[in-house]
Amino acid sequence: MPDQTIISHRTLPLGEARVGFRGRIVALDMHSADGAGLPGPELERRLIELGFVEGATVELLHQGLFGGDPIAVRVAGTTIALRRREAMAVSVAPMKTPS
Amino acid sequence: MNGDISVAPLPRAEQAPESTAAAAIVALVGNPNCGKTALFNALTGSRQKVANYPGVTVEKKTGQFTTPAGRAIKVVDLPGTYSLRARSPDEEITRDAVLGRLATEAVPDLIVCVADASNLRLALRLVLELKHVGRPLLLSLNMMDIARKRGIEIDIDRLSAALGIPVVSSVAVRRGGTDGLLAELDRALDRRLQAGVSDWHAPNASELRSGQREADRLLRLAVRSEGRLDPGTAKADALLLHPVAGLVILLAILFVMFQAVFAWARPLMDAISDGFTWFGALVGEAPLPEILRSFLKDGVIAGVGSVIVFLPQITILFFFILLLEDLGYMARAAFLMDKIMGGAGLHGRAFIPLLSSFACAIPGIMATRVIDDRRDRLTTILVAPLMTCSARIPVYTLIISAFIPDRQVWGVVGLQGLVMFGLYAVGIVGALVVSFIAKRLFWRTNAGEPFMLELPDYKIPQLKSLLLGVWARALAFLKRAGTTILSMMILIWVLASFPQPPDGATGPAINYSLAAMIGNAIAPLTHPLGFNWQINVALVPGMAAREVAVGALGTIYSIDGGESAADKIGQVLSGQWSLATALAFLAWYIFAPQCASTLAVIRRETGSWKWMAVTFFYMLALAYAAAFAVFQVASALGAG
Ligand SMILES: Nc1nc2c(ncn2[C@@H]2O[C@H](COP(=O)(O)OP(=O)(O)O)[C@@H](O)[C@H]2O)c(=O)[nH]1
């Protein structure tokens, strides 16, 4: 497990979240996305370019038929489709209040 | 992120004379789906030109227009991007054009960043990055109508002050929707801003992160937004992205598309075909020397006619593809298909190039540029020609209507349409299998490029820009019919007419021609496929373009004594070919590398003869194997 100090025990990788999950991005951690198709630094840059930065709200809207993959995630007002293995790099904390 | 560089109003009096005559150059930059194409169309109307950047195959769209103040402007539409940090050839062009690094292109006088006002977050980060380039910069908040309807309030003055650049709103799809932008263009160019110093470098993760933070701050400052998902999009996606229903609907859409291509085009095709027959007959009566009359009637008119007759089908197909794209459905289709494609070693994004390949492999192969990873891209290029392109439709249509009875199965579905669907399906399955094998054979790897894609809100497509797009494609097809295809038809006519039969010859004249000699020469090779020499002859010019084979068969058989319109060719064929031969011919056409232009594009896109050769030979082998299997099995079942 990466850097336990900044991640509360309630966080989970976005790649393991279910449809309907709502939360906030706590950290981007490339070590959790070993299966990703890109080297860590490049994956991190692409995730940020698509709006995955710490503090942004996320909601998992849809998932594919086979293995629940890929997923469609609402990131602070933009909908992004990605595979779960890359979403593993996004560490999220659930939010209680669905507004 | 401080940077008033771009507005520093440095007068440029000394350099002014050259810029009064030459048009000012304006570059459009923006995220994908921001409405950049629509805006470009609104600004330039039909005064636009599509070409390629020298040395690369990235599409270069330029256009001209005059501002209300009478200033001539040359506008360049650059490929959509989230960052100047280029990850694909397309994005490299955007980066280099913005930075003024393209040797052949003039440096833009003004950069217009186009943003979707209803989805500003990522665009604002791009604006902040663009500011580092130091060129005069203007932000156009496009799709303002949608933003308003969704209750998103943007304080434009505040945003402009905070960014330190002019900001305007625009509605690309409404008359007068670009007035504000046009006025601001004049104002910005009047100021004769000079480019400041560029301190842009490819941002690293922490720079990107702080850029997005700053963008988020600006968003809070200037935008009051409900921040909600577009209700229409949410409702539609609940169904269209549903794991099961979504896939079923996608398949249904594809099926309807092909039924439409087959059925709707019929009346128009009949009219075109009748027209050419009538015209040919007219020329046939003309007081001309026999050989010239035959050349015009059987070579030129019949040849071109039997290709142009397929224009309605090609138009309908492109209409569907462009419609799905403008609706915002294409990205959804990629989402739904990603896992299936991924299982075959393809990237979800390959779905769009492959779907375009249904119209023509050439734009499809060129569209693979959206795939960043080289291996994923090569795999997609390799299999793109297996998608049933529109040039195969003439061949399929001809054979199907000649050999497959026109009746209904299960009460509702036409048998002919079903066979057509089957041919498409075999092409798709073939492509999946080939890419699966290629992935393991060539790359020996599983991990590919990540699938990351924005799913834009659904939009109501604009009929005008849809028709503009269809028109451009139809023109391209006609141009092909008018040049490559016409010259091939004439070549065929020559091959089929010379040498002329000796005096006192008894058989049809073509039996003595060069065409017959070629056909007979390769007969031993194609005999196991059930091909006769007429087919062999038609295959050779079919290399220029698949649909030429139809006209070629017409020429060969009409000189043989028949008529030339597609229907008549069909009648002749059904009398002369066995069902097994016809089916083998269809199987051949699913796989055969019968298109020189596709091969040329592969060579250009991959930059290597190797990949062109690989494509050619694997397709040839597949085609031979498929035709062989089909003919032998069908013959054994009694269809020989
Ligand atoms: N309502 C509205 N629709 C727009 C506007 N601009 C573009 N569109 C639509 O948005 C869709 C995508 O636009 P397009 O120009 O293809 O986006 P691009 O990917 O940036 O080139 C099309 O269906 C357009 O008709 C706008 O200002 N208002």
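Residues numbered from 1 in each chain as written. Chains lettered and ligands numbered in written order. Predicted model: local features only at pLDDT ≥ 70, side-chain atom pairs only at ≥ 80, totals over all residues. Heavy atoms only, no water.

Novice: Quick one: what's the story with the site of the ligand, residue by residue and with numbers?
Specialist: Residues and elements named next belong to chain B. Taken together, the neighbourhood of the ligand is formed by 17 residues, with Lys36, Thr37, Ala38, Asp145 and Ala172 sitting nearest. Contact distances for the ligand include 2.7 Å between an oxygen atom and a backbone N or O atom of Ala38. Listed by contribution, the elements that provide at least two residues to the shell around the ligand are helix 2 (36-44) and helix 5 (144-149). Its residues assigned to classes, the shell around the ligand comprises eight nonpolar, five polar and four charged. (Near = heavy atom within 4 Å. Polar contact = N/O pair within 3.5 Å; in protein donor to acceptor, adjacent residues only side chain to side chain. Helix = DSSP H or I, 4+ residues; strand = E, 2+ residues; numbered from the N terminus. Nonpolar A, V, L, I, M, F, W, Y, C, P; charged D, E, K, R; others polar.)

Novice: Go over the pairing of strand 4 (residues 71-75) of chain A, please, and point to the residues and values.
Specialist: Residue and element names in this part refer to chain A. The element strand 4 is largely enclosed, with a buried count of five among its five residues. Burial along strand 4 is two-sided: Ile71, Val73 and Val75 facing one way and Ala72 and Arg74 facing the other are all buried. Summarising the sheet, strand 3 (residues 57-63) and strand 4 pair through five bridges and their orientation is antiparallel. The partner of Gln63 across the bridge, within strand 4, is Ile71. Inspection of the sheet shows strand 4 paired to strand 5 (residues 78-82) by five bridges, in the antiparallel sense. (Buried < 20%, exposed > 50% of the residue type's maximum accessible area, 1.4 Å probe, protein only. Pairing = 2+ DSSP bridges.)

Novice: Go over the pairing of strand 5 of chain A, please, and point to the residues and values.
Specialist: With five of its five residues buried, strand 5 of chain A lies for the most part within the structure. The alternating pattern of strand 5 of chain A places Thr78, Ile80 and Leu82 of chain A on one face and Thr79 and Ala81 of chain A on the opposite face, and all of these are buried. Connecting strand 4 of chain A to the next strand, strand 5 of chain A, in antiparallel fashion are two residues, including Ala76 of chain A with a positive phi near 40 degrees. Sheet topology places strand 5 of chain A next to strand 12 (residues 452-454) of chain B; three bridges connect them, and they run antiparallel. Within strand 12 of chain B, the position partnered with Ile80 of chain A by the bridge is Glu454 of chain B.

Novice: Mind laying out the interface of chain A and chain B, listing which residues take part and the relevant values?
Specialist: Tallying the contact residues gives 39 residues for chain A and 42 residues for chain B. Summed over both partners, the interface of chain A with chain B buries about 3500 Å², with 58% contributed by carbon and sulfur atoms. When the buried surface of chain A facing chain B is broken down by residue, Arg46, Glu49 and Arg83 of chain A rank first, second and third, together holding 19% of it. Joining chain A to chain B, the criterion identifies seven salt bridges. The partner of Glu49 of chain A in a salt bridge is Arg85 of chain B, and the shortest N-O contact between them spans 2.7 Å. For the side of chain A that touches chain B, the secondary-structure elements that each account for two or more residues are helix 1 (40-49), strand 3, strand 4, strand 5 and helix 2 (84-87) of chain A. Top element by residues in the side of chain A that touches chain B is helix 1 of chain A. It accounts for eight residues. Tallied by class, residues from the side of chain A that touches chain B come to 19 nonpolar, nine polar and 11 charged. (Contact = heavy atoms within 4.5 Å. Buried area = accessible area lost by both parts, 1.4 Å probe. Salt bridge = Lys/Arg side-chain N within 4 Å of Asp/Glu carboxyl O.)

Novice: Go over the confidence of the model for chain B with me, naming the residues and quoting the values.
Specialist: All names here are of chain B. This prediction gives chain B a mean pLDDT of 82; 88% of its residues lie at or above 70. The model gives residues 1-20 a pLDDT under 50, and that stretch makes 37 contacts with residues more than four places away or in other chains. Note that residues 559-564 has pLDDT below 50 and, in this model, 16 contacts with residues that lie over four places away or in other chains. (pLDDT = per-residue confidence, 0-100.)

Novice: Tell me about the sheet that holds strand 5 of chain A, and please be specific about residues and values.
Specialist: If you trace the seven strands from one edge of the open sheet to the other, you get 1(A)-6(A)-2(A)-3(A)-4(A)-5(A)-12(B), paired in antiparallel fashion. The open sheet has two edge strands with one neighbour each: strand 1 (12-13) of chain A together with strand 12 of chain B. One ladder, built from three bridges, connects strand 2 (residues 22-28) of chain A with strand 3 of chain A; its direction is antiparallel. When the bridges of strand 3 of chain A are listed, Gly23 of chain A appears paired with Val58 of chain A. Strand contacts of helix 14 (residues 329-343) of chain B: strand 3, strand 4 and strand 5 of chain A together with strand 12 of chain B, with the helix running at about 150 degrees to strand 12 of chain B, the strand carrying the most contacts. (Axes fitted to C-alpha atoms, helices over the stretch in contact; angles between N-to-C directions.)

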